[in-house]
Each structure stands twice: as C-alpha cells, then as structure tokens.
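# Coordinate inspection notes
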Amino acid sequence: QGDSRHEIAPSSSLPTNAQISLRRVPVPAGSHHPGGPVVPTVRSVVPRRRGAPGGIEVDHVSIYRWVQRFALEFAEAARTRQHIVGDRWHVDETYLKVGGTWRYLFRAIDQFGQVIDVFLSPHRDAKAARSFFERAIGRTRISPIEVTTDRYRVYPRVLDELVPAAFHNTEVHANNRLETDHGRLKARLRPMRGLKRDRTAKVIVAGHAFVQNLRRGFYDLGTDVRPPFRLADAFAELALVI
C-alpha cells in the first residue's frame, strides 16, 4: 500500500544473498518521468537470475506491467541508434491466440536477420498485408529490391502496388529463416498465461522484436561490452534519455 514510486534496493542490513520480493508494484498513474525511480529498478532486475547472489525476486505481474508501460518508450528512444534496414526482405505470417481468438501476426526480417516490423491483425487479407508493408516502408524509408513470401494470393497484387520494381521470390523453403525466427517469439510467449487483449499483445510482440534486435547487435548500443551484457548496458544508457 502507499506510494510505490520509491526506488527499491536491497537493504545494507540484509545478507548479500538476500532476496526481496516485489508483489504487484503498480506504475504510478500519470507519471511523466518514466526515466525516474521505477526504471532503475527494472534495470537492476534484468541482468540477474532469480536466486543469484545480491539479486531480487520480482512478481511476474510487476514485470508485465513494466513491459506494458515502458517497452515502446525504450524502443522509440533507441530508433536513432538503429542500423539501417537491408533491402532484401523476408515476410511471413504466424498465428497468436489473443483473448481466445486467433490473430495473424505479420513479421519481416531483412537479409541480415534484423526484424523490420511486426503487425498484428484480426484478418489475413490484402488490406492487412497492404497496411503492414505501408507501415514498414514508411518507418524504415527503405523500398526493398527483393521480397520473399509464401505463395499466398494477395502478395503479388500488394507488391505490384507498393514496390513494383521489387523481385518477388516465392521459391519453396526460401523463407525458412523467417519461419525459424517465428519459433523464437513463440518460445518466449509459451510460458505466459495467454495474451488477453490486442493492445497488450501488440506491445509484447513489438517489445520482443526490439529486444531481439538489441541482442543481435542491430543498434549502436551496448557495443563496448560482451554480448551477454549488451541488454543491460543498452537499457542503462536509454534510461538516461527517456
């Protein structure tokens, strides 16, 4: 109860292997300073395993709320540090259940493995495909010279409208890399207790894409540390600017 805005840290009177359990810590309503006390607490949790010396335990509901509150702000703050997207795109859809209903998730990666964009839609049709490509092209300002998709009938028409000069590759197995990449997202979602609403699901899939790109080194962040520490270093730097 009471004010949850205070920074939480292990007490100096506790033994070094003490664990502090944070239960349902709410993000303060109307906060205009996401880089304030709550964010350092998130940063301090990320690099440590549950039960590690000096670490803290955090309830999964708290982590979920922090993700919903801050993930897109971190991603937006990092946009100017993101590497330029490649011009050969692999595009495919996968399926997610949200609130008991199947949704279609359009995803694209470039030839280097960088996630270009993700787009959650209730439909798999020409309108959804067009919206996905328009947003991806608008955000990246890249017109691909080659687009690899499956043989779904709407893609030729949409690509002819938006990127008529691009080569459309529908060769069997050409998208195996992206289909494997879907599996990483599914593996992350599997332990969760289900996605309840489209709005929160969109944050989760966008946040996953952002963190995956960070891990793979597609940002000029965390470049001075070894890969296992890249995320912690990147979030520490971004927390200073949001």
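Please refer to the structure higher up on the page.
Residues numbered from 1 in each chain as written. Predicted model: local features only at pLDDT ≥ 70, side-chain atom pairs only at ≥ 80, totals over all residues. Heavy atoms only, no water.

Attention now moves to the pairing of strand E3 (residues 88-98). Burial runs high along E3: 8 of the 11 residues are buried. Relative to strand E6 (residues 146-148), E3 runs parallel, the two being bridged by 3 bridges. Residue pairing in the sheet places His-90 in a bridge with Thr-148 of E6. Pairing between E3 and strand E4 (residues 101-110): 10 bridges, direction antiparallel. (Buried < 20%, exposed > 50% of the residue type's maximum accessible area, 1.4 Å probe, protein only. Helix = DSSP H or I, 4+ residues; strand = E, 2+ residues; numbered from the N terminus. Pairing = 2+ DSSP bridges.)

Before going further, it helps to examine the environment of Ile-84. By the element assignment, Ile-84 lies in the loop between helix H2 (60-78) and E3. Here Ile-84 falls in the exposed class, since its relative accessible area comes to 69%. A sequence separation of 56 residues divides Ile-84 from Thr-140, and the C-alpha atoms of the two residues are 7.7 Å apart. Ignoring anything within four residues of it in the chain, the contact list for Ile-84 reads Gln-114 and Ile-142. (Contact = heavy atoms within 4.5 Å.)

Now for the packing of helix H5 (residues 176-189) against helix H6 (residues 198-215). Contact pair H5 / H6: the axes reach a minimum separation of 11 Å and the direction vectors enclose 120 degrees. In terms of their interaxial angle, H5 and H6 are classed as oblique. The chirality of how H5 crosses H6 is right-handed. Contact with H5, carried on its side by Asp-181, Arg-184, Leu-185, Arg-188 and Leu-189, involves Ile-204, Val-205, His-208 and Gln-212 of H6 and no other residues of that element. (Axes fitted to C-alpha atoms, helices over the stretch in contact; angles between N-to-C directions. Parallel < 35°, antiparallel > 145°, perpendicular 65-115°, else oblique. Left-handed = near helix turned anticlockwise from the far one by under 90°.)

Here we come to the nonpolar core. Grouped together as the largest cluster of nonpolar side chains are 23 residues, with contacts concentrated most on Trp-89, Val-91, Phe-106, Phe-132, Phe-133 and Tyr-155. For this core, the elements supplying multiple residues, two or more each, are E3, E4, strand E5 (115-121), helix H3 (126-140) and helix H4 (154-162). Examining the composition of this core, we find that 7 residues originate from one element, H3, more than from any other. Ignoring sequence-local partners within four residues, the contact set of Trp-89 consists of Ile-109, Asp-110, Ile-116, Phe-133, Ala-136, Ile-137, Thr-140, Ile-142, Pro-144, Glu-146, Val-147 and Thr-148. (Core = buried A, V, L, I, M, F, W, Y, C linked by side-chain atoms within 4.5 Å.)

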